[in-house]
Amino acid sequence: MTEHIFNRKSASIILKAKFETGKSKKNNHMVELQKFVDYISRQEAIRQDKLDHDYSEDELNELARIEKALEKIEQETDQPVIKDLREMDKYIDYMTRKKAILENVDNEIVNGAFSNTKRYITKKDISKIKESVIEAKNNGSVMFQDVISFDNDFLVREGYYNPETNELNENVLYEATKSMMGKMQEKEELVDPFWFATIHRNTEHIHIHVTAMERKNTREIMEYDGVLQARGKRKQSTLDDMIFKFGSKILDRTNEFEKISKLRKEVPLEIKQSVKDSLIQLYVENNSRYDKELVNYLKELKKEIPSTTRGYNELPEKTKEKIDEVTNYMTRGNPKRKEYDRMTKEIDELYQTTYGKRYNPQEYYLNRKKDFNARMGNAVVGQIKLLKQSEEKNLNNNELKNLLDGKKLNVKFNREKPEFKTKYARQRYDDFQKRLEERQLAREKNEVHFKKISEKFKDKKLIIKIDRVINDDLKMYRAKNDYDVAQRMIEQEKIRQAYEFDVN
């Protein structure tokens, strides 16, 4: 038997990940496994008879004998699959007989049990699960056994558990487990896996046991302790992503994220307007006294931001730091900026208390801050770019104001004709400019022609009618032409027959 355990603690959610290959150097593995299967099959058959009548004395004795045999196998065997199925069998038997929800006599639902295919597991599903586990083990598949445990206070805070009534929102835990196992399948590239899980409350903390296997092993075969077996160890990134995926389903912060997203858009728009107003005051109204500190900031940035840059993230770090100074100055008393910072810090603290050591402190907050700075920075860069472009185009004050207001201008750059070293280069340049002008004239001509056609045939029904008339006229013309041809042929035939008669 090979067994490995990895513990990654967190404050509110703990994931304990274990895997077992079930390999042994003993030769009696299949014998033990077959005995175990025979016993539980016989046990299940007797229990099914209980649905129709009470146990007879012989059946009670038989169940007692089977139970004793199973306990002996459990004590003596070193096969983890037998131990796991034995524990599951005990648990399921306990749940179905002590706490099961009886929908009808033949269908007992196991409380807190679910699988990759079913939200609720019944007694009939248990046999199928056992068969799948045994088949998978015979195919050399790894058994992944994970335990997710919670700080009960965390479940209470999130509204999933009521300690007074002992009510637990199992649907949320089911959805979170399903999402987590989907992530494990994706990261580990498992083929046709199945899994089953049970929610336990028999300890201080509520926890979930999850068992997963491939039906046929597709994992790498490696040697461990002199035995060839499938690789069971999962990547650390897989375990991290599993618990993060689980937590993302548990931590419902939809309203908070929507609010953060809204603030993330509104604040940069306010900065854009403020920068635009400052530039208009400085360069259009010639009011140098308007917020002198901001004006000085913008003058300095104007020297460093090229008109061709695509945005904040393309600029040198020193320039971005200066832009951050400007945006921090402009939002120093902005309530929306303060709200954004407060909410992102709260989410970050929530992640720290939920995931503990697995989470890098301030990761969410710093990432959101970086994104926010870039958005605000782009608002500043965009306005300064327009200012520099206006200077390149030699715009007057009114045109500059319209440009900053976002109005489209029909102006061209005043570029001098470049100097050329050879006549051939000048000729190529002149030919290129001529082609551009010809294309522009052709484009304008086509636009005028299209506009005339569009005006003439605005009504689609009219076009359809015209098509019909044309088609009808064409048909009439063809019919008349065919008639004339036929008449000529008749006349020619008459002349031929008359000629033959005269000769005879």
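Since this is a predicted model, take the numbers as computed values, not measurements. (Residues numbered from 1 in each chain as written. Predicted model: local features only at pLDDT ≥ 70, side-chain atom pairs only at ≥ 80, totals over all residues. Heavy atoms only, no water.)

### Here we look at the overall build of the protein
And step 1. When its secondary structure is counted, the protein shows 15 helices and twelve strands.
And step 2. Looking at the protein as a whole, 38% of its 504 residues qualify as buried.
And step 3. Contacts in the protein between residues far apart in sequence, at least 24 positions, make up 66% of those at least 6 positions apart.
And step 4. About 32000 Å² of surface is accessible on the protein, with carbon and sulfur atoms providing 48% of the total. (Helix = DSSP H or I, 4+ residues; strand = E, 2+ residues; numbered from the N terminus. Buried < 20%, exposed > 50% of the residue type's maximum accessible area, 1.4 Å probe, protein only. Contact = heavy atoms within 4.5 Å. Areas by Shrake-Rupley, 256 points an atom, 1.4 Å probe, with all protein chains shown as cover.)

### Section: the pairing of strand S9 (residues 193–200)
And step 1. Within S9, eight of the eight residues are buried, which leaves it mostly tucked inside the rest of the structure.
And step 2. Neither face of S9 is exposed, since Pro193, Trp195, Ala197 and Ile199 on one face and Phe194, Phe196, Thr198 and His200 on the opposite face are all buried.
And step 3. When strand S5 (residues 113–115) meets S9, the two strands line up antiparallel, connected through three bridges. Looking at the pairing, serine 115 lines up with phenylalanine 196 of S9.
And step 4. Where S9 meets strand S10 (residues 207–214), eight bridges bridge the pair, whose relative direction is antiparallel. Bridged to phenylalanine 196 within S10 is threonine 211. (Pairing = 2+ DSSP bridges.)

### Regarding the pattern of salt bridges
And step 1. This model, assessed by the stated rule, comprises 23 salt bridges.
And step 2. Among the salt bridges present, the one from arginine 219 reaches glutamate 188, with a minimum N-O distance of 3.2 Å. Taken as a pair, arginine 219 in the loop between S10 and strand S11 (221–224) and glutamate 188 in helix H6 (residues 170–188) lie far apart in primary sequence, 31 residues in all. Take arginine 219 and glutamate 188: they sit in the same class, and that class is buried.
And step 3. Of the charged contacts, one joins aspartate 371 and arginine 368 as a salt bridge, the two residues approaching to 3.9 Å between their closest N and O atoms. A residue pair is termed a helical-turn pair when its members lie 3 or 4 positions apart in one helix, as aspartate 371 and arginine 368 do in helix H12 (residues 363–392) at three residues.
And step 4. Here the salt bridges do not stand alone but share partners, grouping Lys262, Glu266, Glu270 and Lys336 into one network. (Salt bridge = Lys/Arg side-chain N within 4 Å of Asp/Glu carboxyl O.)

### Notes on a positive patch on the surface
And step 1. Side chains of Arg428, Arg435, Arg439 and Arg443 sit close together on the surface and give a patch of like positive charge.
And step 2. With respect to the helices and strands, the residue arginine 443 is situated in helix H14 (residues 423–456).
And step 3. The class for arginine 443 is partly exposed, based on a relative accessible area of 43%. (Patch = residues over 30% accessible without salt bridge, like charges linked within 9 Å, V, L, I, M, F, W, Y side chains within 5 Å. Lys, Arg positive; Asp, Glu negative; His and termini not counted. Charge placed at Lys NZ, Arg CZ, Asp CG, Glu CD.)

### Brief notes about the packing of aromatic side chains
And step 1. By the definition in use, this model includes seven aromatic pairs.
And step 2. Between the aromatic rings of tyrosine 340 and phenylalanine 372, the centroid separation amounts to 4.0 Å while the plane-to-plane angle is 15°, which identifies the pairing as stacked. Separated by 32 residues along the polypeptide, tyrosine 340 in helix H11 (residues 335–355) and phenylalanine 372 in helix H12 bring together distant segments of the chain. Like phenylalanine 372, tyrosine 340 is buried.
And step 3. Members of the aromatic cluster, each reached through a chain of ring pairs, are Phe114, Tyr174 and Trp195.
And step 4. It is arginine 119 that lies over the ring of tyrosine 120; its NZ or CZ is 4.4 Å from the centre. (Phe/Tyr/Trp six-rings, centres within 6.5 Å; stacked < 30°, edge-to-face > 60°. Lys NZ or Arg CZ within 6 Å of the ring centre and 35° of its normal.)

### Focus on the packing of helix H9 (residues 292–304) against H12
And step 1. In the contact formed by H9 and H12, the axes pass within 10 Å of each other and the chain directions differ by 70°. Considered as vectors, H9 and H12 are oriented roughly perpendicular to each other. Considering only the axes of H9 and H12, their crossing is right-handed. Together, Leu298, Leu301 and Lys302 of H9 and Val380, Ile384, Leu387, Lys388 and Glu391 of H12 make up the contact between the two elements. (Axes fitted to C-alpha atoms, helices over the stretch in contact; angles between N-to-C directions. Parallel < 35°, antiparallel > 145°, perpendicular 65-115°, else oblique. Left-handed = near helix turned anticlockwise from the far one by under 90°.)

### Some thoughts on the side chain of threonine 354
And step 1. Tracing the chain through its elements places threonine 354 in helix H11.
And step 2. Only 2.7 Å separates the side chain of threonine 354 from the backbone oxygen of leucine 350, close enough to count as a polar contact. (Polar contact = N/O pair within 3.5 Å; in protein donor to acceptor, adjacent residues only side chain to side chain.)

### Some points on the confidence of the model for the protein
And step 1. Looking at the protein as a whole, its pLDDT mean stands at 75, while 67% of the residues score no less than 70.
And step 2. Ranking the elements of the protein by mean pLDDT puts strand S3 (residues 101–104) last with 36 and H6 first with 92.
And step 3. Long-range and interchain partners of residues 94–106, a stretch whose pLDDT sits below 50, account for 22 contacts in this model, where long-range means more than four residues apart. (pLDDT = per-residue confidence, 0-100.)

### Regarding the packing of helix H10 (residues 317–330) against H12
And step 1. The geometry of H10 relative to H12 is characterised by a closest axis approach of 9 Å and an angle of 95° between their N-to-C directions. Taken together, H10 and H12 sit at an angle that is classed as roughly perpendicular. For the pair H10 and H12, the contacting residues are Ile323, Asp324 and Thr327 in the first and Asn373, Met376, Gly377, Val380 and Val381 in the second.
And step 2. Residues that form the contact of H10 with H12 fall into these classes: four nonpolar, three polar and one charged. (Nonpolar A, V, L, I, M, F, W, Y, C, P; charged D, E, K, R; others polar.)

### Comments concerning the environment of lysine 292
And step 1. For lysine 292, the location among the structural elements is in helix H9.
And step 2. With a relative accessible area of 53%, lysine 292 lands in the exposed category.
And step 3. In the structure, lysine 292 is positioned 14 residues away from serine 278 in sequence and 9.6 Å away in space, judged by C-alpha atoms.

### Here's the deal with unusual backbone geometry
And step 1. The residue glutamate 189 is not glycine, and still its phi comes out positive at about 55°.
And step 2. Tracing the sequence through the fold places glutamate 189 in the loop between H6 and S9.
And step 3. Classification of glutamate 189 by relative accessible area gives exposed; the value is 64%.
And step 4. A positive phi angle, near 70°, is found at glutamine 362, a position not held by glycine.

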